[in-house]
Amino acid sequence: MSKAAITGIHGYVPDYVLTNAELERMVDTNDEWITSRTGIKERHILKGEGMGSSHMGAKAVAGLLEKLNIKPQEVDLLICATTTPDYVFPCTANLICDMVGIRNVGSFDIQAACSGFLYALTVGSQFIETGKYKKVVVVGADKMSAIVDYTDRTTCVLFGDGAGAVMLEPNTDGFGILDSIIKSDGIGQNHLFQKAGGSRYPPSHETVEKRWHYVYQDGPSVFKFAVKNMADVSAEIMERNHLSGSDVAWLVPHQANKRIIDATAHRMGIESERVMMNIHRYGNTTAATIPLCLFDYESQLKKGDNLVLAAFGGGFTWGAAYVKWAY
Ligand code: UT7
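Residues numbered from 1 in each chain as written. Predicted model: local features only at pLDDT ≥ 70, side-chain atom pairs only at ≥ 80, totals over all residues. Heavy atoms only, no water.

Overview of the site of the ligand
Step number 1: Around the ligand, the surrounding shell holds 25 residues, and the nearest of these are T29, R37, H254, N257 and N284.
Step number 2: Here a nitrogen atom of the ligand and a side-chain polar atom of T29 are 2.7 Å apart.
Step number 3: Residue G219 places a main-chain N or O atom 3.1 Å away from an oxygen atom belonging to the ligand.
Step number 4: Put simply, the parts of the chain that give the shell around the ligand at least two residues each are α2 (31-38), α6 (153-156), α8 (219-240), α9 (258-268) and β12 (306-313). (Near = heavy atom within 4 Å. Polar contact = N/O pair within 3.5 Å; in protein donor to acceptor, adjacent residues only side chain to side chain. Helix = DSSP H or I, 4+ residues; strand = E, 2+ residues; numbered from the N terminus.)

Quick look at the environment of H55
Step number 1: Mapped onto the fold, H55 is located in helix α3 (residues 53-68).
Step number 2: Taking the C-alpha atoms as reference points, H55 and T92, 37 residues apart in sequence, are found 9.5 Å from one another.
Step number 3: Not counting residues up to four positions away in its chain, the partners in contact with H55 are Y12, L46 and M99. (Contact = heavy atoms within 4.5 Å.)

Overview of the pattern of salt bridges
Step number 1: One pass over the full model with this rule turns up 15 salt bridges.
Step number 2: Ionic pairing is found between K135 and E169, a salt bridge with its closest N-O pair at 3.0 Å. Linking K135 in the loop between α5 (116-129) and β6 (136-143) with E169 in strand β7 (residues 161-171), this pair joins segments that are 34 residues apart in sequence. Of the two residues, K135 and E169, both sit in the buried class.
Step number 3: Measuring nitrogen to oxygen at the nearest pair gives 2.9 Å for the salt bridge that ties D149 to R211. Of this pair, D149 sits in the loop between β6 and α6 while R211 sits in the loop between α7 (205-209) and β10 (215-217), and the two are 62 residues apart along the sequence.
Step number 4: Judged by relative accessible area, which is 7%, D149 ranks as buried. (Salt bridge = Lys/Arg side-chain N within 4 Å of Asp/Glu carboxyl O. Buried < 20%, exposed > 50% of the residue type's maximum accessible area, 1.4 Å probe, protein only.)

This is how it looks when you write it as structure tokens:
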């Protein structure tokens, strides 16, 4: 049976850089606190009227197609992971397809907060494994600045905007997404969420006044769950694939907090040189963190490298994937 191999990767972040120094002028925070508690130094922010997550997703997908010399007409399916869709509907995947010229094929969004890319990769790989499709694009795109309250120091320092996309194609030589685990538990629903704007609390003067359209996070509770579950699921995927720490060339973790990443790597027996890390440059870009890591480290990856991807996010949602790098 074919596996779904990642055959290309591309990333995009907007030009504007929001530094810790600028945040110091906006809220009562400081570079020392942000750096020591999170590892973040700067993040990129999408500016411009009428620009949504699709803008960044389309840049990533267009760059991917160009790099791989694949025409939009050759793509069989596009899946977008996002927590900050341009609209409630139509879906952002639909808009990205339109922007890059992909027509008459299926496209849909997946919402699994910070685990979105991992979920989308898992779903996308099924269409390849069954033999139904030959070219599936999975893109993670989030404009977190659209839902961040820049008067709330507990959240505004954490997030940034960006997008990353991968191409999935069949591989029968043992490379690709060899295993994945996705999990969720609604116990976390009130610890990290955007309360209003959906069908439970549609927009009203009251929801705006109460600031319910912004990200709310109970940081310490999420931290505890994230450390435990990201490490547990990474250990689980290693165990069931008989991988020890030394077999893993790279840990590719969701970039929410350097301390969570360090704890996961420690549990897996992987030293920091083999952990992809770019949180200092981008902050937490939600569904874009994992593809942006792969994009930044692409030149260091070798065919046959064992990668463990791991994520944790709102919901709660979490998961891991075992990938044998295909090029
Ligand atoms: O990606 C999806 C999943 N999300 C995560 O994985 C995030 C998980 N949570 C975290 O990463 C951490 O909890 C945070 C980075 C959000 C916060 O770090 P913490 O070590 O848990 O800090 P805390 O929330 O317990 O706050 C410690 C202190 C508080 O002051 P008091 O009450 O001790 O006086 C906060 O008010 O730090 C204060 N604080 C700040 N100080 C300066 C909170 N935010 C800031 C800030 N600058 N930006």
